[in-house]
Amino acid sequence: MKHLSSVPSDPPSQEGGSGGAHLADLLKRAGRGDEAAFAEWYDATAARAFGLAVRVLRDRAQAEEVTQEVYLDCWRNSGRFDETRGSAISWLLTIVHRKSVDRVRSAEAASRRDTTYTQQEGTVDHDSTAEAATASLEASRVRAALDHLTIKQRQAIELAFLGGYTHTEVAKMLDLPVGTAKTRIRDGLIRLRDALGVGEVAQA
Amino acid sequence: MSDIHALSGAYALDALDDVERAQFARHLAACAECRAEVRSFSETASHLAEIENQEPPAGLRARVLADIGTVRPFPPETAAPGSAPAGPSPVVTLRRRALPALVAAVVALILAAGGAAVWHPWTNDRSTLADQIVHAPDAVRITEPVPGGGKLTIVRSASLKRAVMIGDGVPEPASGTTYQLWLQQPGQGMVSAGLMPDSTEPTVLTGDAATAKAAAITVEPETGSSHPTSDPIVLFPLRSTA
């Protein structure tokens, strides 16, 4: 099967650097109605959630709204979090990302994005992620892992993940044939995953 | 779509359009390898957020904690494999009954009538028409949460006069029932726009979506109804463009 990928050789990371097991435990306690555990969960994760929302939405007020919505969802669903499906931080950030992207796209559906975006955004600032960075150990580890990507893979992943564009739009923005961007995104993610030592979740 | 596996990365980064997303979610339910891959990619992407860290405004914490004081967490899922936000349930029931025969009959009828339809129903490929609608320059989309979980998005193109319903994490209707789609037409009330037996499959509504004032989805007996027999689970107001 050609979509099988190599097993990473590096030791597994700590799920975003904040003690994945501890975070999962906080969520479990929240699921039983423990508001103090949820407050601790918020304190441990909010900077990542808010930062991601700001990056995708490019608007702090909207990012704040989205983050607030996400944490309420998160509280309500905390008892249903299943750590065999992935880490707690990934669960949270997946929801943040999805909501942010949904909001960007539906706002654009109202005022149809015109094609000039290609010119405006076509030149990707490769250091844009680095600029927003905070000086954490985990962040420098991620940045080092990003160096394993080709410039082209990195562009595609940044436009898709941080820009919130679809792979079809990414292809157009990077002057790639349709269908090439999705491959580039996937290849880049495999490299990044292996460089970070993220294991595929067992017994998937 | 011959190599649907290749969409795993774009799926994990939310870089698919609604139709592709629904199609890939359907594929995921049947492909353990892609599920494992998507999970590993989601973990990877969550590391990327690490370099975007930003301290949230101070007031947010208080608002979040005030919010959670007002509702209790949902009870855990106890029986049927519902869908957690992290991924679709691995179990999918395919219920395909007599639809192909019905579609064939309708196609034959349209061919016999030589109708001047804008689209080509004989391609018999719902995803193609769904794609056309979603990508139409005048496509308008409305997303609503579903009370039982998940959400529904309707995308309408007035120029194509068609609309497509796209489910995302919508629970399967109870055994013996089906989702049915409706268009509210001026002077006619709710007119059936077809069944949606599988909410993971983008479903094109039959009927003129340009004249419709609203679209709705109800739960009906498995064979469908000629009029809605229950309140809509979601009602989408549309602006008539006719």
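Scroll up to find the structure.
Since this is a predicted model, take the numbers as computed values, not measurements. Sequence positions are assigned chain by chain, starting from 1 and proceeding in written order. Here the convention is simple: chains get letters from A, ligands get numbers from 1, in the order in which they are written. Reporting in this predicted model follows two pLDDT cut-offs: at least 70 for local features of residues, and 80 or more for side-chain atom pairs to be given and counted; totals over whole chains, interfaces and linings ignore these cut-offs and use all residues.

**Q** What am I meant to see in the overall build of chain A here?
**A** For helices the rule is a DSSP run of H or I covering at least 4 residues; for strands it is a run of E covering at least 2, with both sets numbered from the N terminus onward. Per the secondary structure count, chain A includes ten helices and zero strands. Counted from the first residue to the last, chain A has its helices and strands arranged as α-α-α-α-α-α-α-α-α-α. Counting other C-beta atoms within 10 Å of a residue's own tells you its class, since 20 or more makes it buried, 12 or fewer makes it exposed, and anything in between is partly exposed; those C-beta atoms are placed from the backbone. Counting all 204 residues of chain A, 46% fall into the buried class. Of the contacts made within chain A by residues no fewer than 6 positions apart, 69% connect residues no fewer than 24 positions apart. We call two residues in contact whenever the C-beta atoms placed from their backbones are within 7 Å.

**Q** Is there a simple way to think about helix H2 (residues 18-30) of chain B in this case?
**A** Side chains that are three or four residues apart share a direction in an α-helix, a result of its 3.6 residues per turn. For a helix, the expected span equals 1.5 Å multiplied by the number of residues minus one. For H2 of chain B, spanning 13 residues, the distance from its first C-alpha to its last is 19 Å, which sits close to the expected 18 Å at 1.5 Å a residue. Regarding H2 of chain B, the residues found buried are Asp-18, Val-19, Glu-20, Arg-21, Ala-22, Gln-23, Phe-24, Ala-25 and Leu-28 of chain B.

**Q** Sorry, what's going on with the nonpolar core here?
**A** Side chains that are nonpolar tend, in soluble globular proteins, to be buried together. One finds Ala-53 and Ala-160 of chain A together with Val-164, Leu-205 and Ala-215 of chain B to be the most contacted residues of the largest nonpolar core, which totals 104 residues. Counting residues per element, this core draws most heavily on helix H2 (residues 35-57) of chain A, at eleven residues. Not counting the four nearest positions on each side in its chain, Ala-215 of chain B is found in contact with Ile-154, Ala-163, Leu-181, Trp-182, Leu-183, Leu-205, Phe-236 and Leu-238 of chain B. The nonpolar core criterion groups buried Ala, Val, Leu, Ile, Met, Phe, Trp, Tyr and Cys residues into a set whenever they are joined through C-beta atoms within 7 Å.

**Q** For this particular structure, what's the right way to read the interface of chain B and chain A?
**A** It is common to give the size of an interface as the accessible area that goes away when the parts come together. Between chain B and chain A, the contact holds 58 residues from the first and 75 residues from the second. Elements that contribute at least two residues to the side of chain B that touches chain A include exactly helix H1 (8-12), helix H3 (32-48), helix H4 (58-68) and strand E1 (140-145) of chain B. Here the element with the most residues in the side of chain B that touches chain A is H3 of chain B; it accounts for 16 residues. Residues are grouped as follows: nonpolar covers Ala, Val, Leu, Ile, Met, Phe, Trp, Tyr, Cys and Pro; charged covers Asp, Glu, Lys and Arg; every other residue, Gly included, is treated as polar. Residues of the side of chain B that touches chain A, tallied by class, amount to 30 nonpolar, twelve polar and 16 charged.

**Q** Explanation requested: the sheet that holds strand E8 (residues 234-237) of chain B in the structure shown.
**A** Paired through their backbone hydrogen bonds, the strands of a sheet run either parallel or antiparallel. Residue and element names in this part refer to chain B. Any two strands between which DSSP finds at least two bridges are classified as paired. The sheet built from four strands is open, its strands ordered E5-E4-E7-E8 with antiparallel pairing. At either end of the open sheet lies a strand with only one pairing partner, and these are strand E5 (189-196) and E8. Sheet twist, expressed as the mean angle between neighbouring strand axes with direction ignored, is 30 degrees. Bridge count between strand E4 (residues 177-185) and E5: six bridges; the pairing is antiparallel. Axis definition: a line fitted to C-alpha atoms, over the contacting stretch in the case of helices. Angles run 0 to 180 degrees between N-to-C directions.

**Q** Any chance you could explain H3 of chain B here in plain terms?
**A** Counted at 1.5 Å a residue, the expected span for H3 of chain B with its 17 residues is 24 Å, and the 25 Å between its end C-alpha atoms agrees. Counting buried residues along H3 of chain B, 14 of its 17 residues qualify, which places the element largely inside the surrounding structure.

From the geometry alone we can't say anything about function, so treat these as descriptive.
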